[in-house]
Structure formats: C-alpha cells, structure tokens
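# Observations on the model geometry
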Amino acid sequence: MKILFVFIDQLRSNLLHTHNDKIKKQGFDQSIESLGGVLFSECFTPGPNTFRSLSCLWTSLYPPQNGCDNGYSRYHLKNNIDNIFELFIRNGYEFNYLQSEH
C-alpha cells in the first residue's frame with residue numbers, strides 16, 4: 001500500500017475546483033484529481049498555527065501533551081511519545097519527502 005499525504009499550509013481550498021464546483025478547474029485540480037483519493041473537507045485542528053497543528057497530526061495528542069505547546073515541533077516535540085512516522089516504520093513503510101528548505 002502506498003500513502004500520499006499532501007500538506008500545503010495556507011492553501012485557500014475554496015478557490016480550487018476540487019473543493020468548489022463554481023471555480024474553473026485548473027492544473028492543480030487536475031493533478032489532485034488524477035491521483036484519486038479522499039478529500040477531507042471538515043477537518044479542524046486544536047493547534048493555532050502550523051507547528052502545533054502538525055504536532056497534533058503526527059502524535060494524535062494535543063500540544064500540551066506532545067510538548068509542542070509554544071514553538072517549532074522540530075525542537076519541542078517530546079521524544080518519548082509515539083508518532084505517525086514511527087508507526088509506519090515499524091510496519092515496513094518507506095518514506096520519501098519533498099519539502100521546502102524553509
């Protein structure tokens with residue numbers, strides 16, 4: 001099984017045909033559509049910013065429990081808790097990342 005997780009910070013999904021039929025289909029819509037999958041349109045996060053939101057996604061814990069309650073998840077996420085990446089590695093998944101340097 002392959003899993004593709006696309007996270008784009010501050011993307012206005014209401015300006016995409018994928019999420020809004022009234023918008024003309026553009027290249028990004030076509031790319032997403034060609035991949036298939038599921039669009040989750042009612043997702044909310046308990047974190048007020050990207051770092052805390054991602055830490056919740058990675059750990060299934062609120063920021064005060066996962067350690068990322070006041071800064072970058074890279075530096076504040078607790079080491080002694082499970083996260084989604086460790087779970088996948090234990091189950092034989094391999095990772096390929098494409099991420100901006102910033």
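Residues numbered from 1 in each chain as written. Predicted model: local features only at pLDDT ≥ 70, side-chain atom pairs only at ≥ 80, totals over all residues. Heavy atoms only, no water.

## Side note on the overall build of the chain
Selection rule: Under the DSSP-based scheme used, a helix requires at least four consecutive residues in state H or I and a strand at least two consecutive residues in state E, with every element numbered from the N terminus. Buried residues are those whose accessible area, probed at 1.4 Å on protein chains only, stays under 20% of the maximum for their type, while exposed residues exceed 50% and partly exposed ones sit between those limits. Only heavy atoms enter the contact rule, under which two residues are in contact if any of them lie within 4.5 Å. Areas reported as accessible are Shrake-Rupley estimates using a 1.4 Å probe. Residue values count occlusion only from the protein chains shown. For the charge count, each Lys or Arg is scored as positive and each Asp or Glu as negative, with His and the chain ends excluded. All charge positions are set by atom: Lys at NZ, Arg at CZ, Asp at CG, Glu at CD.
Each helix and strand counted, the chain has five helices and zero strands in total. Each helix and strand of the chain, ordered N terminal to C terminal, gives the series α-α-α-α-α. A principal-axis box enclosing the C-alpha atoms of the chain has dimensions of 45 × 35 × 25 Å. Buried residues in the chain amount to 18% of all 102 residues. For the chain, the share of sequence-separated contacts (at least 6 apart) that also reach a separation of at least 24 residues comes to 16%. For the chain, the accessible area works out to roughly 8,900 Å², and carbon and sulfur atoms hold 53% of it. Placing the 9 positive and 10 negative side-chain charges of the chain at their respective mean positions leaves the two points 3 Å apart.

## Remarks on the environment of leucine 35
For leucine 35, the position within the fold is in helix H1 (residues 27–35). Once the C-alpha coordinates of leucine 35 and leucine 4 are considered, the two residues, 31 residues apart in sequence, prove to be 9.1 Å apart.

## Let's talk about the packing of aromatic side chains
How we decide: Note on ring pairs: Phe, Tyr and Trp rings are taken, using the six-membered ring of Trp, and paired if centres are within 6.5 Å. Classes follow the plane angle, with under 30 degrees stacked, over 60 edge-to-face and the rest tilted.
All chains considered together, the criterion is met by four aromatic pairs. Here a set of aromatic residues connected by ring pairs shows up, and it is made of Trp58, Phe85, Phe88, Tyr93 and Phe95.

## Digging into helix H2 (residues 50–59)
Every buried residue of H2 is listed here: Thr50, Ser53, Leu54, Ser55, Cys56 and Thr59. After H2 finishes, the residue serine 60 shows a positive phi value of roughly 60°.

## A look at the pattern of salt bridges
As a reminder of what qualifies: We count a salt bridge whenever a side-chain nitrogen from Lys or Arg sits within 4 Å of a carboxyl oxygen from Asp or Glu.
Per the stated rule, a full pass over the model turns up two salt bridges. Note that glutamate 33 is salt-bridged to lysine 25, the shortest N-O span being 2.9 Å. You can call lysine 25 partly exposed: its relative accessible area is 31%. Of the charged contacts in the structure, one is a salt bridge between aspartate 82 and arginine 90, with a shortest N-O distance of 3.1 Å. Take aspartate 82: its relative accessible area is 46%, and that puts it in the partly exposed class.

## Description of the confidence of the model for the chain
Test applied: pLDDT expresses, on a scale from 0 to 100, how confident the predictor is about each individual residue.
Residue-level pLDDT values for the chain average 82, and 94% of them are 70 or greater. Within the chain, the lowest mean pLDDT, 64, falls on helix H4 (residues 73–76), and the highest, 90, falls on helix H5 (residues 84–90).

## Digging into the side chain of serine 53
Examined against the element boundaries, serine 53 turns out to sit in helix H2. Look past the residues within four positions of serine 53 in its chain and what remains in contact with it is Thr45 and Gly47.

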